[in-house]
Every structure is written in structure tokens, then in C-alpha cells.
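As a plain string of letters, each chain reads:
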Amino acid sequence: MEFKTKSTLLPAWIAIAAVALLLGIIITLAIKDLQRGREVEIQTLREKSAVLMSSFESGARTGMGMRWRHDQRQTLLEEMAYQPNVLYIAITDRSGRILAHSDPQRVGQQLYSPQQMAELKVSSDAQWHMTTFDEPQAQQQNAFEAYRWFKPLKRGSGHSGHMMNRSRMQEAAEPQDDEQAVIFAALDTVALDAAQAKDMRNTSILLSILLLLALASLLALFWGRRYQRSSQQLQDSRAFSSEIISNLPMGLITTNDQHQIRVVNHAAEVMLGCSAAELFGQPSHQALPAEWQQLAQKSSQGQPIIEQDIDHRLAGGQSLPLSLSVANIVNHSGHFLGNVFIFRDMREIRQLQEEIRRKEKLAAIGDLAAGVAHEIRNPLSSIKGFAKYFADRSPAGSEQHELAKVMAKEVDRLNRVITELLALVRPADLCLQRVAINEVIEHSLHLIRQDAESNNIALRSRCDEALSLVEIDPDRLTQVLLNLYLNAIQAIGSDGVLEVDVEATKEGAMRITVCDSGAGIPPDELGKIFNPYFTTKAAGTGLGLTMVQKVIEEHQGTIAVTSSQPTGTRFEIVIPLRHNNLQGEAHADA
């Protein structure tokens, strides 16, 4: 039997791929956010540097119009460099020599070498790059440096253009170094570095949290699938165990550590004659016999209880032979969890045992009969001859004549016993025929009808029209029925009923039932009636029912008897409709 459990979780690879994809998206977004923040800060620095450079150029144009001296322009440069976050403002020629600097001491020095100036590729548009700034008596720090051509003479529009027109001749007299000059504005990147470090820190914290969450999700997925797998295995094990227990041919009852019944399988219900719902939860000392509790106590004391034969008394008063085994249920740490009772119905086994004993007894009788029958019959013939001789020589009605007749009668009875004994132990030679069983029943009843009517006993029969031809030995079966009829008539005495029913069974057999309204058979004698030489009749041999059982078994059938006093006795005969040997021959002929 196959058990299926529907999975409720996604496959592991799908979940792992989803987590990895989510992490990739989040990391990409975090990097883009860092870049965007850096771009915003850079743009702010570019705008600030552009304002500084434009402001200085405006101041320089104004100073040229007002004929400022070089030291005044230097002062303006220094004043503008005092603004927050401004590291320096410098003007160099094309070769990188400093023409003006917010730090006057650096005027005339090289800000960059000619090669470095060539690599900067100065143009009219402002450009920038990240560099380092060595401040005296301070450690080196990063700097944002913007640069372009220095253009103080570029005319603007409006009022400033008119001012430049008025002083065109004066401008022509000024030195033309500025036309080849480059202006540099360097800003510190403390805020940029701090913001970037903060963003990196926040991003790292966020990614760490996400990684921890991803790891927790994977662990949760792992444990979830492990729990699901364990749960599925547990369900399969429970279903497997349940099917085994339910279909176990032996009865099984388990109790918990509180000695309450927890499991009762179907076989136990059938044997004990009560449902599992009635027993479930009941204390074992109330629901089970005291003898079972005693065996359970012995088992708890270390005494193994295996295949203990007991007789269980059912609710109807019947006795059920059982083979009982009891064991303790303990866990790996030795803690007591309950008891398990396993028992099986021993009725068939005991019937087989009785059958074996009966056949062993018949075999012994056969050996005895074969050995002494010949030795007994020869003297019996001589004794019967002498008895007939003395009867003929004695006057009729005399005591000698009567004694001789008794001797002959007893010799005949003893010879009949020997004949029945030999018939009992001699292998059967059935003459199987396909006959109408209903006609056999009517014929057997006709043979005893006169005796029944003389004792005012009513004969009743019910035949099954569905039964047409069956394979039996009609003579031997008639002998069986006559034996049962005569026993019934003797048990009834007078004024009673003898019933015979014939019907077909679902198993391909016929059932013949013989019931009488006699006094019944005592319970202590019911199990002995098929034993050889067991009889309650003064003139009986005790071989009649033994012969009946032998003939039925030769027909591959069974015979059972039930009796209750004083309602009567019921014999039930079941014989297959077809004999196995005849079936085999028919197949061989085909």
C-alpha cells in the first residue's frame, strides 16, 4: 500500500535562487545609492568651486577696471580662501608655476609639473579631480580640485560690458599673463568623506542585516524542509504501522504508562467481542482479565511471557483458548511507556491437535484391530457353532435353550464390533457419483419414517432447489445420515421434531444441518462424542459418530456439533460440491 503526502513548501533551489536574486538586487540598489550620493556631493563641490572661480574672476575684472595693484588682488584671493571648506585658490601659468596663491609663500613655486599640466588637459570648461593636500603642520588630506582657464578679461553683457569698453585701452596696457593662466580651486572633502563613510557604514549595516536575514531564511528553509521531511516520515511510519496493526492476524492491545488502553486492532475486537471504542482509554485492570494483569506484572519484573496458553471467558459464557504474549514498552533511556498484549485464537490449533490425537488413537486401534481381528473371529465362529448346537439339542423354552440363544447373540454383537472396527481403520474407497442431493435426503428420511411415526416424531426437511448434482458417495452419505437420524430419535424418545436442511454456501460447498428437539448433550460430554468407544447407551459400541466423522472427512468435509440442554442438538455437515481428486482427473482427461 502506498502513502502519499502533499508537499506544502517550495523546492529548495527555488527558494535559494529567490534569496540570491533578492540579495543581488538589494546590493545593486545599495551601490547605486552610494554612487548617487557621491555624485550629489561631487556636484555640490563642483558648483561651489565654480562659484569661487567665477567670483574671483569678477573681482579681478573689477580690480583691473579700478587699476588694482597686484597686492590688492592677492588680498582678494586670500580673503576668498578664508571661506569654509576652501583649502586654497591658485593661479598658475601653463607650465604649472604659481602666479597667485591664497598662501603667499607658495607664489613662484610649482603647483604641478608641465607634464602633469599636460595630463590635466585644461580647457575653458571647468574640470575636476581628486587629489591630496599637504597642509603645513598637519597631516595629508584629500582635496577636491576644480580648474579651468583663468578668464578675467572675458566681456560679459549689460553694465559690466560698458565698463570694459571704457577701459579697453587700459586693459591693453596690463600684462597678458592671465590669458595663459589656469585657476585652481581646492576644497576639502571632509564632508564628502564623512557622508560617504556614513553611507558605506549604513549600507554595510543594511547588507549585514540582509545577509543575516537571508541566512536566517535559509536556515528556516532548511529546518522547515527538515521538519516537513521528518513530519512526512512520521506520518508514513504511522500509516505503515497502522496498516500493519490493523491487518495483523493476531490480536494486539497496547497501554500507556498510565495503564490505559490506547490501541486495539481489528483482530482483537473480533476475538474479544467488543469494539475498540469501548476499550479505548479504559484502565487495563478494568477492561482486561485479572490473569492478563498478573502476566503483565510478571513481565515488568523481568519474566518473559511468551505464548502463554490461557482460556478467556467471553461475555456469552463461552471459553476462548488464547496464546498470550506480554511485553513492556520502554524508550532508549529505559523509561516505561506501557505494555503490549499480543494474542492469537488457538481454537483451530487445538482442533488440529485433537484431530492429530484422534488419528493417532485410530492408528493404534487399527494396529490392534489388524492384529487380533483374525484371532478373534475364528474362535467366535466355533463358539457360535457350539451355541447353535446346544440350542438345537435343548428343548424350546428351556433355560439351556435360552442361554444358547444369548451366546449366539453376543457372538453376533462381538463380530459386529470387530466389523465396525475394521471398517473404521481400513482406508476408504469412495464411489463418488454425481447425484441429486435432495433425492438422497428424501431417501434417507424415508428409511426412518416408520420409526419416527411410531414415536410420534415429526420429520421436516428443507431442500435447496439451486443444488442439483453434487459429487458424493450416496451410500456412505446415507449411512452417515441414518446414524445421525437414529441418534436423534433415541435422544428425543417421543413427541418431538427432527429437521433436516440442505443449502449451498458461498464457498462452493453444501451445508447439511440435522437438528433434533431432544434432551441435548451435557457440555462435559460434547467434546468426546467423536472419540472411539465413547457411548452413553447400554448397547452402543461408541463407534457410530466416529464412523460419521471419518466418512465426512473422506468427502473432504467437516462436521460440527452444538447442543444446549434441554433444547436439543444440532449437527452441521459441510461438504465441497466437487471432489478434488475428480477435478484433477477431469483436467487430466481434458
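Use the structure listed above.
Residues numbered from 1 in each chain as written. Predicted model: local features only at pLDDT ≥ 70, side-chain atom pairs only at ≥ 80, totals over all residues. Heavy atoms only, no water.

Draft legend 1. Representation of the sheet that holds strand 5 (residues 182-188) within the structure. Spatially, five strands are ordered 2-1-5-4-3 in an open sheet, and the strand pairing comes out antiparallel. Both outer strands of the open sheet, strand 2 (98-101) and strand 3 (127-133), are each paired with one neighbouring strand and no more. Across the sheet, the mean angle separating the axes of adjacent strands is 25 degrees when strand polarity is ignored. Pairing analysis gives seven bridges linking strand 3 to strand 4 (residues 141-149), with the strands arranged antiparallel. Considered in strand 4, the bridge of Gln127 is made with Tyr147. (Pairing = 2+ DSSP bridges. Helix = DSSP H or I, 4+ residues; strand = E, 2+ residues; numbered from the N terminus. Axes fitted to C-alpha atoms, helices over the stretch in contact; angles between N-to-C directions.)

Draft legend 2. Structural context of the sheet that holds strand 14 (residues 496-504). In space, the five strands of this open sheet follow the order 12-14-15-17-16, with mixed pairing throughout. Because the sheet does not close on itself, it has two edges, and the strands there are strand 12 (457-462) and strand 16 (558-564). Between one strand axis and the next, the sheet turns by 10 degrees as a mean value, whatever way the strands run. With seven bridges joining them, strand 16 and strand 17 (residues 568-576) adopt antiparallel strand pairing. Following the sheet pairing, Thr562 is matched in strand 17 by Arg570. Helix-sheet contacts for helix 13 (residues 437-454) involve strand 12, strand 14 and strand 15 (509-516), and the interaxial angle to strand 12 is about 175 degrees. Relative to the sheet, helix 14 (residues 474-492) contacts strand 12, strand 14, strand 15 and strand 17, its axis offset from that of strand 15 by approximately 20 degrees. (Contact = heavy atoms within 4.5 Å.)

Draft legend 3. Broad picture of unusual backbone geometry. In this structure, His259 is a non-glycine residue whose phi angle is positive, near 60 degrees. Locating His259 in the fold gives a position in the loop between strand 6 (251-255) and strand 7 (261-264). Positive phi is not limited to glycine here, since Gln556 has a value of about 60 degrees. Along the polypeptide, Gln556 turns up in the loop between helix 16 (544-554) and strand 16.

Draft legend 4. Structural detail: the packing of helix 13 against helix 14. Put simply, helix 13 and helix 14 touch, their axes get as near as 10 Å, and they point 35 degrees apart. Remark: the crossing between helix 13 and helix 14 carries right-handed chirality. Contact residues: helix 13 offers Ile437, Val440, Ile441, His443, Ser444, Leu445, Leu447, Ile448, Asp451 and Ala452, while helix 14 offers Pro474, Leu477, Thr478, Leu481, Leu482, Tyr485, Leu486 and Ile489. Of the residues contributing to the contact of helix 13 with helix 14, the split by class is 14 nonpolar, three polar and one charged. (Left-handed = near helix turned anticlockwise from the far one by under 90°. Nonpolar A, V, L, I, M, F, W, Y, C, P; charged D, E, K, R; others polar.)

Draft legend 5. Structural context of the pattern of salt bridges. Within this structure, the stated rule accounts for 15 salt bridges. Note that Glu572 is salt-bridged to Arg511, the shortest N-O span being 3.6 Å. With Glu572 in strand 17 and Arg511 in strand 15, this residue pair connects regions lying 61 residues apart in the sequence. Among the residues examined, Glu572 registers a relative accessible area of 25% and is labelled partly exposed. Overall, Arg511 belongs to the partly exposed group, its relative accessible area being 22%. (Salt bridge = Lys/Arg side-chain N within 4 Å of Asp/Glu carboxyl O. Buried < 20%, exposed > 50% of the residue type's maximum accessible area, 1.4 Å probe, protein only.)

Draft legend 6. Spotlight on the side chain of Ser444. You can see Ser444 is positioned in helix 13. A distance of 3.1 Å separates a polar atom in the side chain of Ser444 from a polar atom in the side chain of Tyr485. Beyond its immediate sequence surroundings of up to four residues, Ser444 is in contact with Thr478, Leu481, Leu482 and Tyr485. (Polar contact = N/O pair within 3.5 Å; in protein donor to acceptor, adjacent residues only side chain to side chain.)

Draft legend 7. Structural context of the environment of Ala408. Its place among the elements puts Ala408 in helix 12 (residues 399-425). Taking the relative accessible area as the measure of exposure, Ala408 reaches 18% and is therefore buried. Note: C-alpha distance between Ala408 and Phe386 (22 residues apart in sequence) is 8.9 Å.

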